[in-house]
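Next come the chains, spelled out residue by residue.
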Amino acid sequence: MARYIIKRILWIIPIMFGVITIIFIISSLTPGDPAASLLGATATQEEIDAMHHTLGLDQPLIKQWWDYIVGIVTRFDLGNSYQTRQPVINEVLARFPVTLILALLATVIGIVVGVPLGVLSALKQYTWVDNVVLVFSVLLISLPNFWLGMMLLNIFSVQLGWLPSYGITSLSGWVLPIMVAGLQSVTQNIRITRSSMLEVMRQDYIRTARAKGQTNKVIVTKHMLRNALIPVATSVGSGLGNQLGGNMALESVFSLPGVGNYIVKAITAVNTPSMLGGILFVALVFVLVNMAVDISYVIIDPRLKTRVTGKKMSKKELKKMLAKQEVA
Amino acid sequence: MSKIMTPAMEKINSRRKGGMRGRSTPAKDAWRRLMRNKMAIVGMIIIIVLLLMAIFAPLIAPYGYSDMDVINMLSGPSKEHWFGTDQLGRDMLSRCIYGARITLPIAIFTVALACLFGGVLGVLCAYFSGQFDNIVMRILDIWGSIPGIMLSIAVVAALGNNMYVLVIGLSVGAVPNMARTFRGAIFTVVDNDYVEASRSIGAGNFRIMFKHLLPNAVGPVILAVVQLLGVEVLCVSMLSFLGVGVQPPTPEWGSLLSTGKEFLNTASYLCIFPGIFIVLTVLGFNLLGDGLRDALDPRLK
């Protein structure tokens, strides 16, 4: 298993390489002259040429690409914002905690509320409980989170005046964004848990446990849950990754100073380095989270452990073996 | 002959009457199961109504989508304007109806493009497997490790704001998953004997892949397409809401919301109605998708 984990961690390197390259390609496709944008409208041609040189834009594209990768790997250099002239990485890092807190809290809510509801729904399949939970979850999963956010904002801030409609200066400002992000996580967990539970309930070992007279409580907690929660765990992990990347519109609606909102503002201001820098940052965090999920998957699922560590026969080996038999 | 029928015989008889025309095929079975699922039918009806609404928008909409009623600017829902009017006095109901003509085609073309590229990649991977499969899958892993929506935003922002670019950008974000779906679906049928049989009578790779393998693996693909349609409707409206993609004068649902956001405190109906259209569309695809998933699952027979 250690071999698998090391392999999975090393696999990060080509992935990051690829992700940075994709972002580089997109940024070189973006129209407009970065030097002119950085210097503003008053710059002379000489100043722009000098800036081209300092930014390395007079170099061939391959060299630019290599410098870009080296800059990111050695100095976390994501370029400078066109608006503030500050390094993008500093601005993104300053905003990351907000995005992270939102994603983590939403994930926690998703586990605490979603998983039990999913289990309940599966155990009571074909009853009204199951139907209510199902309808509720399919309705919620169809709501665009930014629209739900606007509607709740309208009800609780504008109509009722209970919560602030702007920013997170007080704790109450967090309530609505976390509620919306949390609801999304809840619905996702309900759906995954339910289908995973239904899958497990059909297994032979459940029938065996019932046949040997095991109590229902033990069957549910020990036999069903232990097995059903494995896919849920992965989905929770990838859900966390999605939350980190997917709450852009939500952050924008609630004016939360997070990375998503930073990217949104950069888009409207045609601030390419900030936008792509923000996206690259989120993508790299996403890669790390997914790696952690993959590794934890192997650790919590004993069946996978053997599949990963157990020697698999490659086609070459198989061919060799067959050839040997023929000779014998 | 006695007229007494055992329950078993009755069952057989009623099945015969109940339209068991022709042979029972997996596709027919799945269709029958789908038709028994009320939620799926509701979803299907929602989608059909929305499609009809998009096609016949000029006939249904009470006003043109850019007609301005200058006397009634920002007026709430009324008899003349069911959904109210926006800041320029344009009828919101008409704009929402015309919006279906923009959101739905973008979502449909996006999914079609993603299917084309993802499909070709996935089928080739599963068919040739081995080293080719390995390399392509690793590339797709890298491609897919940027969150789809972010990749789409970056592409659209780089290539410019118009609908064609939006379709390309969104499908770029969707290809990796689509390719995986196709690959997985083909893998389940690639070892079947009929593949060997058709090869033995001289069928080429291309013929086997697209004539024999793909039609037999179509279940999971249809399911993925329906689910992706819902996701893409959400993505289109989210991107337009963020100001990427469809720009404000065009009555796309997301961009209607983006305009309405500025009037959330004073004229909240500007946000409510376009949102309801988005929700209904996505709900339709999700209900149909859930129904399909159950119908295609052979264990739930």
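Residues numbered from 1 in each chain as written. Chains lettered and ligands numbered in written order. Predicted model: local features only at pLDDT ≥ 70, side-chain atom pairs only at ≥ 80, totals over all residues.

Novice: Mind showing me how you'd approach unusual backbone geometry here?
Specialist: Most peptide bonds take the trans form, and the phi angle of most residues other than glycine is negative. All names here are of chain A. A positive phi angle, near 70°, is found at Tyr126, a position not held by glycine. One non-glycine residue with positive phi stands out, namely Ser255, at about 50°. Examined against the element boundaries, Ser255 turns out to sit in the loop between helix H11 (248-253) and helix H12 (259-268). On the neighbour-count criterion, Ser255 (14 C-beta atoms within 10 Å) is partly exposed. (Helix = DSSP H or I, 4+ residues; strand = E, 2+ residues; numbered from the N terminus. Buried ≥ 20, exposed ≤ 12 C-beta atoms within 10 Å, placed from the backbone.)

Novice: Is there a simple way to think about helix H1 (residues 2-29) of chain A in this case?
Specialist: Side chains that are three or four residues apart share a direction in an α-helix, a result of its 3.6 residues per turn. Helix length check: H1 of chain A, at 28 residues, gives a terminal C-alpha distance of 41 Å against a target of 40 Å (1.5 Å per residue), a fit within 8%. At its buried positions, H1 of chain A is contacted by helix H4 (61-75) and helix H13 (272-300) of chain A together with helix H6 (130-144) and helix H7 (148-159) of chain B. (Expected span 1.5 Å × (residues − 1). Contact = placed C-beta atoms within 7 Å.)

Novice: Quick question: what am I supposed to make of the nonpolar core here?
Specialist: Considering soluble globular proteins, one finds that nonpolar side chains tend to be buried as a cluster. Grouped together as the largest cluster of nonpolar side chains are 153 residues, with contacts concentrated most on Ile279 of chain A together with Ala154 of chain B. Those residues in contact with Ile279 of chain A that lie beyond four places of it in its chain are Ile23 and Ile263 of chain A together with Met150 and Ala154 of chain B. (Core = buried A, V, L, I, M, F, W, Y, C linked by C-beta atoms within 7 Å.)

Novice: Looking at this structure, how should I read the environment of Val111 of chain B?
Specialist: Residues and elements named next belong to chain B. In this fold, Val111 is placed in helix H5 (residues 92-128). The sequence separation of Val111 and Leu223 amounts to 112 residues, and the corresponding C-alpha distance is 12 Å. Contact partners of Val111, with chain neighbours within four places excluded, come to Val225, Leu228, Leu229 and Glu232.

Novice: Sorry, what's going on with the interface of chain A and chain B here?
Specialist: It is common to give the size of an interface as the accessible area that goes away when the parts come together. At the interface, 39 residues of chain A touch 35 residues of chain B. Among the secondary structure elements, those contributing two or more residues to the side of chain A that touches chain B are H1, helix H6 (128-141), helix H7 (145-159), helix H10 (216-246), H11, H12 and H13 of chain A. A breakdown of the residues in the side of chain A that touches chain B according to their chemical character gives 28 nonpolar, ten polar and one charged. (Nonpolar A, V, L, I, M, F, W, Y, C, P; charged D, E, K, R; others polar.)

Novice: Mind showing me how you'd approach the packing of H13 of chain A against H7 of chain B here?
Specialist: The description of two packed helices rests on the angle between their axes and on the distance between the axes. As a packed pair, H13 of chain A and H7 of chain B sit with axes 10 Å apart at the nearest point and diverge in direction by 160°. On the basis of their axis angle, the class for H13 of chain A and H7 of chain B is roughly antiparallel. Seen along the crossing, H13 of chain A lies across H7 of chain B with a hand that is left-handed. Every residue of H7 of chain B that contacts H13 of chain A at Met275, Leu276, Ile279, Val282 and Ala283 of chain A is listed here: Met150, Ala154 and Ala157 of chain B. By residue class, the composition of the contact of H13 of chain A with H7 of chain B is eight nonpolar, no polar and no charged. (Axes fitted to C-alpha atoms, helices over the stretch in contact; angles between N-to-C directions. Parallel < 35°, antiparallel > 145°, perpendicular 65-115°, else oblique. Left-handed = near helix turned anticlockwise from the far one by under 90°.)

Novice: What's the story with the confidence of the model for chain A in this structure? I'm lost.
Specialist: In low-pLDDT segments, the atomic positions of the prediction should not be examined closely. For chain A, the average pLDDT comes to 80, and 89% of its residues sit at 70 or higher. Helix H15 (residues 315-327) of chain A is the least confidently modelled element of chain A, averaging 53 in pLDDT, while helix H5 (residues 88-123) of chain A averages 89, the highest of any element. (pLDDT = per-residue confidence, 0-100.)

Novice: Which parts of the structure should I look at to understand the environment of Leu240 of chain A?
Specialist: Residues and elements named next belong to chain A. With respect to the helices and strands, the residue Leu240 is situated in helix H10. Accessibility expressed as a C-beta count within 10 Å gives 23 for Leu240, which makes it buried. C-alpha separation for the pair Leu240 and Val108, spaced 132 residues apart in sequence, amounts to 9.6 Å. Beyond its immediate stretch of four places on either side in the chain, Leu240 contacts Ala103, Thr107 and Val289.

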